[in-house]
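Remarks on the overall topology
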Amino acid sequence: MQWKPGMFDTPVVLNLQYFKRDSYISVICQALIAQGKAEAPVAVTHLALARSQKMGGGILGDTKDKETIRKGCLFIFCKKTAWERLQLVHTKGRPTIKDYIPQIFSEFYEMHGDRLYGDDKAIMGGIARLDGRPVTVIAQVKGRDINENKSCNFAMPHPEGYRKALRLAKQAEKFHRPIICFIDTPGAFCGIAAEERGQGEAIAKNIAEFMTLRTPIISIVLGEAGSGGALALGVCDELAML
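Residues numbered from 1 in each chain as written. Predicted model: local features only at pLDDT ≥ 70, side-chain atom pairs only at ≥ 80, totals over all residues. Heavy atoms only, no water.

**Some words on the pairing of strand β7 (residues 179-185)**
Taken across its seven residues, β7 has seven buried, putting it largely inside the fold. Across the two faces of β7 the burial is the same, with Ile179, Cys181, Ile183 and Thr185 and Ile180, Phe182 and Asp184 all buried. In this sheet, β7 lies alongside strand β6 (residues 133-140) in parallel orientation, the contact comprising four bridges. Bridging across to β7, Thr136 finds its partner in Ile179. Where β7 and strand β8 (residues 217-225) come together, six bridges link them in parallel fashion. What sits directly across from Thr185, in β8, is Ala225. (Buried < 20%, exposed > 50% of the residue type's maximum accessible area, 1.4 Å probe, protein only. Helix = DSSP H or I, 4+ residues; strand = E, 2+ residues; numbered from the N terminus. Pairing = 2+ DSSP bridges.)

As structure tokens, this is what we get:
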């Protein structure tokens, strides 16, 4: 099956179960993304069955399990305007770092605290293995619903979050581990308490120190990358955007 102009002018729904396998659907998806005809998939966990049937057509293959279709669908949005692409960042059910880590890494061990004030749930960090190689993972955390977002302060880190990230980065340099940062934040938290604890200094120090780290750094933008809150994890050797 080859891609033809106009074939996927409307959104296409792909079953997650089929997408994960080495199937013709996966091949089509990758080809569309490579040709700029579609964005990287956005997971949707609560998709109306009627809509999935209407939009999916024959692309769902032989899948007959309605529950599988409802729970495991992926949207591929084609030919969007700049504003429509920006709105993808706020899509309900969009994958967060808690979805990506189990799919990318193994043996992830989370580490907490900045050794100065406390732990910030807006930034997650720890050690993991990528294809068997130890790496340090530092990521900004977004929630998928209001309760998760309240827990991680809507992905707006406090100074202790950035200091935790720097502590883990220094540890990675010491033990010669590559650093992989995942960026997804509207910006650093701008509350009075954060400013009193040195928000500006924490961000500035991260930027300065990351420039001198003697270990490879890869940063990946998962969604939003607002202001200095993103720059604090954005100084790197290689930058990628989903």
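**Here we look at the nonpolar core**
Of all hydrophobic cores here, the largest spans 22 residues; its most connected members are Ile138, Ile179, Cys181, Phe210 and Leu233. Listing elements by their share of this core, those giving two or more residues are α8 (159-174), β7, α10 (199-212) and β8. (Core = buried A, V, L, I, M, F, W, Y, C linked by side-chain atoms within 4.5 Å.)

**Here we look at the sheet that holds strand β4 (residues 106-111)**
Strand pairing in a sheet is mediated by backbone hydrogen bonds. Such pairs are either parallel or antiparallel. Strand order in the open sheet formed by six strands is β4-β5-β6-β7-β8-β9, with mixed pairing between adjacent strands. In the strand order of this sheet, the two ends are held by β4 and β9 (238-241), each with one partner. The sheet shows a mean angle of 20 degrees between the axes of neighbouring strands, direction not considered. (Axes fitted to C-alpha atoms, helices over the stretch in contact; angles between N-to-C directions.)

**Regarding the pattern of salt bridges**
In the structure shown here, the tally under the stated rule is nine salt bridges. The salt bridge involving Asp184 is made with Lys142; its shortest N-O contact spans 3.5 Å. One end of the pair, Asp184, is in strand β7; the other, Lys142, is in the loop between β6 and α7 (146-151), with 42 residues separating them in the sequence. With respect to class, Asp184 is no different from Lys142; both count as buried. Of the charged contacts in the structure, one is a salt bridge between Lys170 and Glu209, with a shortest N-O distance of 2.9 Å. Placement of the pair is Lys170 in helix α8 and Glu209 in helix α10, with a sequence separation of 39 residues. Here the salt bridges do not stand alone but share partners, grouping Asp99, Arg144 and Glu148 into one network. (Salt bridge = Lys/Arg side-chain N within 4 Å of Asp/Glu carboxyl O.)

**Things to note about α10**
Between its first and last C-alpha atoms α10 spans 21 Å; for 14 residues at 1.5 Å apiece the expected length is 20 Å, and the two agree. Where α10 is concerned, the buried positions are Gln199, Ala202, Ile203, Asn206 and Phe210. Projected onto a plane normal to the axis of α10, the buried residues spread over an arc of 95 degrees and lie on a single side. Residues of α10 that are buried make contact with α8, β7, α9 (192-196), β8 and α11 (227-231). (Expected span 1.5 Å × (residues − 1). Arc of directions from axis to C-beta. Contact = heavy atoms within 4.5 Å.)

**Let's talk about the environment of Ile183**
By secondary structure assignment, the location of Ile183 is in strand β7. Along the sequence, Ile183 and Leu233 sit 50 residues apart, while their C-alpha atoms lie 6.9 Å from each other. With residues up to four places along the chain from it excluded, the contact list for Ile183 reads Gln140, Ser219, Ile220, Val221, Leu222, Gly223, Glu224, Ala225, Ala230, Leu233 and Gly234.

**Topic: α8**
With 16 residues, α8 extends 23 Å from end C-alpha to end C-alpha; this agrees with the ideal 22 Å at 1.5 Å per step. Positioned one or two residues after α8, His176 has a phi angle of 60 degrees, which is positive.

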